Amino acid sequence: RLLFMASGNYMFVIVGEDDTPIYEVEFLNTQRREDTSHLNQFIIHAALDMVDELVWGTHSMYLKCVDKFNDFNISAFVTAGHIKLMLLHDVRNDDGIRNFFNDVYELFVRVLMNPFYRPNAPITSTFDARVKLLGRKYF
């Protein structure tokens, strides 16, 4: 299977109901300043309104690039329950991002099927390790 090696920086966030962050992880391939993590969170949060507008105009769960800020793009994937999977990235990697979203969505559905998971609660367990493995695979 072809691996998508587009070297860049990525920040992935799952946003639940009422725009509550459920999960967050960064995939860093290049050096950057330490204080940009909060800026990245702000950029993703600002794109939530764009996602809310775009989700009603399509039947697709994958919304591709929904917003841009300087050199960064924000891609989104919205579940049937309106949980938003959002990815901030500084390189184009459309196939890798689409595959990453699909695989993470499958993992997320497994988390939701766990009877001990409360919806909109922060996600723990093996989910983090599996998402990081997918990040290494696609980014």
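Anything mentioned here points back to the structure above.
All values derive from a computational prediction rather than experimental measurement. (Residues numbered from 1 in each chain as written. Predicted model: local features only at pLDDT ≥ 70, side-chain atom pairs only at ≥ 80, totals over all residues. Heavy atoms only, no water.)

Peer 1: Can you walk me through the sheet that holds strand β4 (residues 72-78) in this structure?
Peer 2: Paired through backbone hydrogen bonds, the strands of a sheet run either parallel or antiparallel to each other. The strand order across the open sheet built from five strands is β2-β1-β5-β4-β3, with neighbouring strands paired in antiparallel fashion. Every interior strand has two partners, whereas the edge strands, β2 (21-27) and β3 (62-69), have only one. Between one strand axis and the next, the sheet turns by 20 degrees as a mean value, whatever way the strands run. Sheet analysis places β3 next to β4, joined by six bridges and oriented antiparallel. (Pairing = 2+ DSSP bridges. Helix = DSSP H or I, 4+ residues; strand = E, 2+ residues; numbered from the N terminus. Axes fitted to C-alpha atoms, helices over the stretch in contact; angles between N-to-C directions.)

Peer 1: Explain the nonpolar core here, please?
Peer 2: Here is a general trend for soluble globular proteins: nonpolar side chains tend to be buried in one another's company. Formed by 27 residues in total, the largest nonpolar core has its most connected members in F12, I14, F100, F101, I123, F127 and V131. At the level of secondary structure, the elements contributing two or more residues to this core comprise β1 (10-15), β2, β5 (84-89), α3 (94-113) and α4 (127-138). Looking at this core, the element that brings in the most residues is α3, giving seven residues. What F100 contacts, discounting residues up to four positions off in sequence, is F12, F27, V131, L134, G135, Y138 and F139. (Core = buried A, V, L, I, M, F, W, Y, C linked by side-chain atoms within 4.5 Å. Buried < 20%, exposed > 50% of the residue type's maximum accessible area, 1.4 Å probe, protein only. Contact = heavy atoms within 4.5 Å.)

Peer 1: Quick question: what am I supposed to make of unusual backbone geometry here?
Peer 2: Across residues other than glycine, the phi torsion is negative in most instances, and most of the peptide bonds are trans. The phi angle at D19 is positive, at roughly 55 degrees, despite the residue not being glycine. Within the element layout of this structure, D19 appears in the loop between β1 and β2. Residue K64 is not a glycine yet carries a positive backbone phi of 60 degrees.

Peer 1: Would you mind going over the environment of K132 with me for this structure?
Peer 2: Residue position: K132 is located in helix α4. The exposure class assigned to K132 is partly exposed, which follows from its relative accessible area of 35%. Put simply, K132 and E26 are 106 residues apart on the chain and 8.7 Å apart in space, counted from C-alpha to C-alpha. Discounting chain neighbours no more than four positions away, the residues touching K132 are V25 and F27.

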